[in-house]
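# Observations on chain architecture
What follows is the residue order along each chain.
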Amino acid sequence: MKGSAMSALFEKTSIKSLELKNRLVRSATHEGMCDRDGFPTQALFKLYERLAKGGIGLIITGYAFVSQDGRSPFFGMQGMDTDAHVPKYRKLVDHVHQHGSKIAMQIVHCGRQTTREAIGVQPLAPSSVKDKLYLLTPREMTEEDMERIIGDFAQAARRVRESGFDALQIHASHGYLLSQFLCPHTNRRKDKWGGSVENMMRIVKEIYTRSREQVGEDYPILIKMNAYDNMKNGLRLEQSAQMAQMMAEMGFDGIEVSCGIMEDGNSMARGELPLDVFVKEWSIYKNKNSLYKFIMTRFGEKIIKPMPFTSAYNLESAKEIKRRVDIPVFVVGGITERRTMEDIINKGSADYISLCRSLMADPKFPEKIRGGSDEPSRCIHCNLCLAYLYSHPLRCYHGKRL
């Protein structure tokens, strides 16, 4: 290997029963490769095979809905809301294992980040706060909703383990339901589910506790959380660092640090915001009048104010959270060069490097790094991969519109 006899990125590590051959992780990425009921198609088998052969240590799946009303409007979402999903996903897990990688499943409820058309009912959320991207106002959740959805997460956790996945990740970032509870912008409740950090964290604690009862003490339960977003009264690092500390104390086995919600200019991705594609592809915009479409296409960036791409844009947040917890920290977001990755690990800023768009552009990127390549990812941060996901399976477009 160029530069060093042994890169810190390729040390073997373990998280409870999860043994990993390196510190490189495929961060959960919606693939759009499942059928209407959330069962994986052969396209997903082939994608994960390419990722495994490319040298990634751990694949975290695209998000899987735990409830029918927690589905995304995006094409081909994974599902884990029935026992019928277990045998098919067990085959997918076995396929990944045969090609040398470990695999975790991410589970989610989308909350208000969906549409009535996708789920058949009015979307729900902690509070009835309008989503300016999805152009809807959700229904405020009742106590009965809380109990049902907590139970749905726990049963999905059981199915994840029964399917043979090496770990579970709970999605509490990017503006989906649990993220909505952890964000003051979307959680304006005055009862035991809102207000203080402890109350905002209550649903996460309940889900963790009941999921742990289902999967046992030896099974790794990870969580993905936002460090901050860019809403006026949104989540800030001083709050999220406290939340991370509470998560570690609960018993979570690892925290992946991200940022942003879709409504804040898609800041979880950074780079170009191809609004012309959003307006063309997303059904929520197709029925808008021509003037609205013209304004959003020509002037939308001035209205939404997307954030420019910078390298490793979640690193400072991850370092602060790492300082507060004694469990592994995963950092995601704009990490495209081997030297940056090694520097993060060598300095103890994080324990694992999560990659998303880099692997869309080149599934073999980890193997190239292992071979000593200093070439950065070929991803140009055009974000067309994300814009087209509403109605197309995942792929890299490399700046070219359909």
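### A look at the overall build of the chain
- Of regular secondary structure, the chain possesses 16 helices and 14 strands.
- Taken over the C-alpha trace, the chain has a radius of gyration of 20 Å; the compact-globule value for 402 residues is 21 Å, and the two agree within 12%.
- Principal-axis analysis of the C-alpha atoms gives the chain an extent of 60 × 50 × 40 Å.
- Taking all 402 residues of the chain together, the buried fraction comes to 61%.
- Within the chain, contacts between residues at least 6 apart in sequence are counted, and of these 70% link residues at least 24 apart.
- Accessible surface for the chain amounts to roughly 15,700 Å². Of this, 49% is attributable to carbon and sulfur atoms.
- The centroid of the 58 positive side-chain charges in the chain is displaced by 5 Å from the centroid of its 48 negative side-chain charges.

### Focus on the packing of helix H8 (residues 237–250) against helix H12 (residues 315–324)
- It is the contact of H8 with H12, at a shortest axis distance of 9 Å, that shows an interaxial angle of 40°. On the basis of their axis angle, the class for H8 and H12 is oblique. In this structure, H8 crosses over H12, and the sense of that crossing is right-handed. Of the residues in H12, those in contact with Leu237, Ala241, Gln242, Ala244 and Gln245 of H8 are Ser317, Glu320, Ile321 and Arg324.
- Per-class residue counts for the contact of H8 with H12 are four nonpolar, three polar and two charged.

### Description of empty space enclosed by the protein
- For the coordinates displayed, the defined rule picks out four cavities of 30 Å³ or more.
- Of the volumes computed, that of the largest cavity is approximately 570 Å³.
- Listing elements by their share of the lining of the largest cavity, those giving two or more residues are strand E14 (352–355) and helix H14 (357–361).
- Volume-wise, the second largest cavity comes out at about 90 Å³.

### Description of the confidence of the model for the chain
- Residues at a pLDDT of 70 or more form 96% of the chain, whose mean pLDDT is 94.
- Counting contacts from residues 1–5, a segment whose pLDDT is below 50, to residues more than four positions away or on other chains yields seven contacts.

### Notes on the pairing of strand E10 (residues 167–172)
- Taking burial as the measure, the six residues of E10 include six buried ones, the bulk of the element.
- Of the two faces of E10, both are covered, the one formed by Ala167, Gln169 and His171 as well as the one formed by Leu168, Ile170 and Ala172.
- Here strand E7 (residues 102–108) pairs with E10 via four bridges, running parallel. Among the inter-strand pairings, Ala104 is bridged to a residue of E10, identified as Ala167.
- Where E10 and strand E11 (residues 221–226) come together, five bridges link them in parallel fashion.

### A word on a nonpolar patch on the surface
- Taken together, the side chains of Leu291, Phe294 and Ile295 define a hydrophobic patch exposed on the protein surface, amounting to about 280 Å² of accessible area.
- By secondary structure assignment, the location of Ile295 is in helix H11 (residues 290–304).

### Quick word on the environment of Asn230
- Positionally, Asn230 belongs in the loop between E11 and H8.
- Owing to a relative accessible area of 37%, Asn230 belongs among the partly exposed residues under this scheme.
- Considered as a pair, Asn230 and Arg210 are 20 residues apart in the sequence and their alpha carbons are 32 Å apart.
- Every residue in contact with Asn230, bar those within four places of it in the chain, is listed here: Asp264, Ser267 and Met307.
- Side chain to side chain, Asn230 and Ser267 meet in a polar contact 3.3 Å long.

### Observations concerning the nonpolar core
- Within the largest apolar cluster, 115 residues are counted, with the highest numbers of intra-cluster contacts made by Ile170, Phe252 and Ile353.
- When residues in this core are grouped by element, the largest group, seven residues, is from helix H4 (residues 143–162).

### Observations regarding the pattern of salt bridges
- Applying the stated criterion across every chain yields a total of 32 salt bridges.
- A salt bridge links Arg158 to Glu162; the nearest nitrogen and oxygen atoms lie 3.1 Å apart. Separated by four residues within a single helix, Arg158 and Glu162 lie in helix H4, roughly one turn from each other.
- Each of Asp69, Arg139, Asp145, Arg148 and Asp152 takes part in a single network of salt bridges with overlapping partners.

### Description of the pairing of strand E12 (residues 254–258)
- Of all five residues in E12, five are buried, a share of seventy percent or more.
- Taking every second residue as pointing to the same face, both faces of E12 are buried, with Gly254, Glu256 and Ser258 on one and Ile255 and Val257 on the other.
- Examined bridge by bridge, E11 and E12 share five bridges and lie parallel to one another. By the bridge assignment, Asn226 is partnered in E12 with Ser258.
- The parallel pair E11 and E12 is bridged by H8, and the resulting crossover is right-handed.
- Two strands pair when backbone bridges link them, and E12 and strand E13 (residues 329–332) are joined in this way by three bridges, in the parallel orientation. Bridged to Val257 within E13 is Val331.

Cut-offs and rules
- Residues numbered from 1 in each chain as written.
- Predicted model: local features only at pLDDT ≥ 70, side-chain atom pairs only at ≥ 80, totals over all residues.
- Heavy atoms only, no water.
- Helix = DSSP H or I, 4+ residues; strand = E, 2+ residues; numbered from the N terminus.
- Rg over C-alpha atoms; globule rule 2.2 N^0.38 Å.
- Buried < 20%, exposed > 50% of the residue type's maximum accessible area, 1.4 Å probe, protein only.
- Contact = heavy atoms within 4.5 Å.
- Areas by Shrake-Rupley, 256 points an atom, 1.4 Å probe, with all protein chains shown as cover.
- Lys, Arg positive; Asp, Glu negative; His and termini not counted.
- Charge placed at Lys NZ, Arg CZ, Asp CG, Glu CD.
- Axes fitted to C-alpha atoms, helices over the stretch in contact; angles between N-to-C directions.
- Parallel < 35°, antiparallel > 145°, perpendicular 65-115°, else oblique.
- Left-handed = near helix turned anticlockwise from the far one by under 90°.
- Nonpolar A, V, L, I, M, F, W, Y, C, P; charged D, E, K, R; others polar.
- 1 Å grid on protein atoms, 1.4 Å probe; cavity = no way out; pocket = protein on both sides within 12 Å on 5 of 7 lines; lining within 4 Å.
- Points joined across faces, edges and corners; volume = space filled by probe spheres on them.
- pLDDT = per-residue confidence, 0-100.
- Pairing = 2+ DSSP bridges.
- Patch = residues over 30% accessible without salt bridge, like charges linked within 9 Å, V, L, I, M, F, W, Y side chains within 5 Å.
- Salt bridge = Lys/Arg side-chain N within 4 Å of Asp/Glu carboxyl O.
- Polar contact = N/O pair within 3.5 Å; in protein donor to acceptor, adjacent residues only side chain to side chain.
- Core = buried A, V, L, I, M, F, W, Y, C linked by side-chain atoms within 4.5 Å.
- Right-handed = clockwise from strand over helix to strand, strands pointing away.

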